[in-house]
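Fold and contact review
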Amino acid sequence: MRIHPKIKIYMDLLSDLRAEDFKERDLEILGILNNAGTTSTEAIIALHFALNIEMEVAEKVVYASNLWKPEHIQDIAYQTMLYMSDYDLNH
C-alpha cells in the first residue's frame, strides 16, 4: 500500500509506540500529532496506520479530545483533492 509522504511523516512520529501505549497515553500521543500540525483527519489516519487503532476508535478519541477544531466536509474534500494532486501516484 502506498502512503502519502505527509501521512508517513506523522506515522514516523509514532513509530516507537504500540497500541497499548495509546490506551495508556492517548492525550499525550494526540498532543504529539497536534503539535506536528496534523488536521484531525490526518491524526485519525496516522493512528490507524501507525498503531493499528480501529478507525472508529481513532475518530472517537480524536474528536473527544477537543485538540482540533471540527473540520467541515468541504475542507476534508479540498484536502483530499490536494493530497491526490500533490502525490505522484506513478512513483
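Residues numbered from 1 in each chain as written. Predicted model: local features only at pLDDT ≥ 70, side-chain atom pairs only at ≥ 80, totals over all residues. Heavy atoms only, no water.

Side note on the confidence of the model for the protein
- Per-residue confidence for the protein gives a mean pLDDT of 89; residues scoring 70 or more make up 93%.
- Of all the helices and strands in the protein, helix H5 (residues 73-86) carries the lowest mean pLDDT, 82, while helix H4 (residues 55-65) carries the highest, 96. (pLDDT = per-residue confidence, 0-100. Helix = DSSP H or I, 4+ residues; strand = E, 2+ residues; numbered from the N terminus.)

Brief notes about the side chain of Ser40
- Relative to the elements of secondary structure, Ser40 occurs in helix H3 (residues 40-51).
- Under the relative-accessibility criterion, Ser40 is labelled buried at 3%.
- Ignoring anything within four residues of it in the chain, the contact list for Ser40 reads Val62, Tyr63, Trp68 and Glu71. (Buried < 20%, exposed > 50% of the residue type's maximum accessible area, 1.4 Å probe, protein only. Contact = heavy atoms within 4.5 Å.)

Looking at the packing of helix H2 (residues 19-35) against H4
- Two elements in contact, H2 and H4, have axes whose closest approach is 11 Å; the angle formed by their N-to-C orientations is 50°. The orientation of H2 with respect to H4, classified from their angle, is oblique. Judged by the sense of rotation from one axis to the other, the crossing of H2 with H4 is right-handed. On H4, the residues touching Phe22, Asp26, Leu27 and Leu30 of H2 are Val61, Val62 and Ser65.
- Taken together, the residues that form the contact of H2 with H4 break down as 5 nonpolar, 1 polar and 1 charged. (Axes fitted to C-alpha atoms, helices over the stretch in contact; angles between N-to-C directions. Parallel < 35°, antiparallel > 145°, perpendicular 65-115°, else oblique. Left-handed = near helix turned anticlockwise from the far one by under 90°. Nonpolar A, V, L, I, M, F, W, Y, C, P; charged D, E, K, R; others polar.)

Digging into the nonpolar core
- In terms of nonpolar packing, the biggest core is built from 19 residues, with Leu14, Phe22, Leu33, Leu47, Leu51 and Val62 touching the most fellow members.
- Mapped onto this core, the elements with two or more residues apiece are helix H1 (5-13), H2, H3 and H4.
- A total of 5 residues in this core trace back to one element, the largest contributor, which is H3.
- When sequence neighbours within four positions are dropped, the list of residues in contact with Leu14 reads Ile29, Leu33, Ala46, Leu47, Ala50 and Leu51. (Core = buried A, V, L, I, M, F, W, Y, C linked by side-chain atoms within 4.5 Å.)

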